[in-house]
Amino acid sequence: MKKTAIIGGGASGLLCAIFCAKNGISVDIFEQNSKCAKKILVSGNGRCNITNTNLTCNDYFSQNPLFMDYALKEFGFREFEKFCQSIGLLLDVKEDGRVYPLSNEAKNVASLLINYAKNIGVNFHTDTKITDIKKLLQEYDAVVVATGSQAASHLGGNEDGLAFAKEFSHNIIPTYPSLVQLHLDSKVIKKMSGAKIEGEITLLVNNKKELTPQGHFLQGACKGDILFTDYGVSGFAVLDISQGASVALMEHSHAPCKKCPWGVSISINLLPNFNAQKLSSHISSIAINMPDFTIADILTGLLPIKIVNGILDDLEISTSTCSEEIGTKLSKKIANRILDWRFEVKETHGFRHAEVAGGGVDTTEINPKTFESLKQKNLYFCGEVLDVVGKRGGYNFAFAWASGYAAAKAISRG
Ligand SMILES: Cc1cc2nc3c(=O)[nH]c(=O)nc-3n(C[C@H](O)[C@H](O)[C@H](O)COP(=O)(O)OP(=O)(O)OC[C@H]3O[C@@H](n4cnc5c(N)ncnc54)[C@H](O)[C@@H]3O)c2cc1C
């Protein structure tokens, strides 16, 4: 009987183990944590956005942009759904294509995958950190590196997979945190901590709207929740823009330099349903109709109080400025700042807080159909350890499932 070792009991390792075992292969899965699937357990705020119905290469970012095409076609949403149904894991497909378990519980996804794997004979070795991959390659017919990325170190994120890859002379594409909060350079940000709005964020590099070289992630502004924190911003719109921001921070140091005097910044539109004309007219007309109001009173009809105080502080306008002092010029100034508030991005909130990492093992050195290393026979890489990072919306799990499946299929065949 053929023997396979899988390093890492996360999403891609579990899927790979299951399909190897289903094909009659003896599987040992080695997991450094006391429990497998820690990232599945916390995913999607405990609900697990398990995949997406629309999976294309455009939903991913990699130096090798078409690498994931074959795997996503071989084991896309329909194939994954069929597998889930076969183990009694029913799915809830949302209108926008996001998919969750019907139970709405991430822990059920983790336990079903682990229990099913155990039922079909996968041998689990938890609390077992692999350090010597070459030894494993001598002992097993195939070794799968499914160690994930550095993101979320408290859940097991580390660079072990990259170190293993380097032992076989693989090139590593520089890694960076993605789906992560941003630190902003502003004296007023702390005052707004806790305030939340539905807004729009645009990434600017050197004060120009940024489209990354491949243009995948940043086509215009990201809309959604923006939450102000002590250090900067978080929320869905921020996570969505963070991949581009993180790449831009790597490429252009945020500190102004000759090539990029304005560094990396974001523009926040706090009221995307207004235009400048409509908003300044609104401010002016309330000022006329409510002579006893202050500018703070007028703006609190539009925005959370902490943000009102922050924006007025930033513009150096007193909150007690009374209605009769608010002329057209001031209304326009405030409206323009509300619709285009610029902040320098200092850094991201780091790997520890990131959901995923971009960069990783260079996929030009991996067979896209089998996920076998082109440098070392019988060595496979799947999941986030590779230079493939997805958008928010179930895409990262989708790639973990698809790559785990592809490696299992190749190991079973070979
Ligand atoms: C908070 C959070 C929420 C998320 N929510 C979603 C979501 O809703 N939808 C989505 O698509 N994606 C989500 N993700 C991303 C998703 O979890 C990952 O993309 C996915 O888990 C990657 O799978 P993987 O198998 O490559 O790595 P992982 O799931 O990280 O598994 C790797 C495993 O390898 C183990 N390991 C590492 N080194 C060794 C070693 N030397 N020896 C033994 N074991 C080792 C680790 O402990 C870990 O268990 C989220 C991530 C986080 C952190």
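Rules and cut-offs
- Residues numbered from 1 in each chain as written.
- Predicted model: local features only at pLDDT ≥ 70, side-chain atom pairs only at ≥ 80, totals over all residues.
- Buried ≥ 20, exposed ≤ 12 C-beta atoms within 10 Å, placed from the backbone.
- Helix = DSSP H or I, 4+ residues; strand = E, 2+ residues; numbered from the N terminus.
- Contact = placed C-beta atoms within 7 Å.
- Near = placed C-beta within 6 Å.
- Nonpolar A, V, L, I, M, F, W, Y, C, P; charged D, E, K, R; others polar.

**Q** Before we move on, can you summarise helix α7 (residues 160–167) with the specific residues and values?
**A** For α7, every residue scored as buried is listed here: Asp160, Gly161, Leu162, Phe164 and Ala165. Contacts from the buried residues of α7 go to α6 (133–139), β8 (142–145), β9 (172–178), β17 (356–361) and β18 (379–381). Two residues or fewer after α7 comes Ser169, characterised by a positive phi angle close to 60°.

**Q** Give a detailed account of the site of the ligand, specifying residues and quantitative values.
**A** Residues in close proximity to the ligand total 38 residues, the closest being Gly8, Gly10, Gly148, Gly156 and Gly383. Where the shell around the ligand is concerned, the elements lending two or more residues are α1 (11–22), α2 (38–46) and α13 (395–413). With five residues, the single largest contributor to the shell around the ligand is α2. Taken together, the residues of the shell around the ligand sort by class into 14 nonpolar, 17 polar and seven charged.

**Q** Run through unusual backbone geometry, naming residues and quoting values.
**A** Phi is positive for Asn104, which is not a glycine, with a value near 65°. Of the residues examined, Asn104 has 12 C-beta atoms within 10 Å and is grouped as exposed. Unlike most non-glycine residues, Phe371 shows phi in positive territory, near 65°. Its location among the elements puts Phe371 in the loop between β17 and β18. For Phe371, a count of 31 C-beta atoms within 10 Å puts it in the buried group.

**Q** Help me get a handle on the environment of Glu355, residues and values and all.
**A** Within the fold, Glu355 resides in the loop between β16 (341–348) and β17. Of the residues examined, Glu355 has 21 C-beta atoms within 10 Å and is grouped as buried. Filtering out sequence-adjacent residues up to four positions away, Glu355 remains in contact with Ala151 and Leu179.

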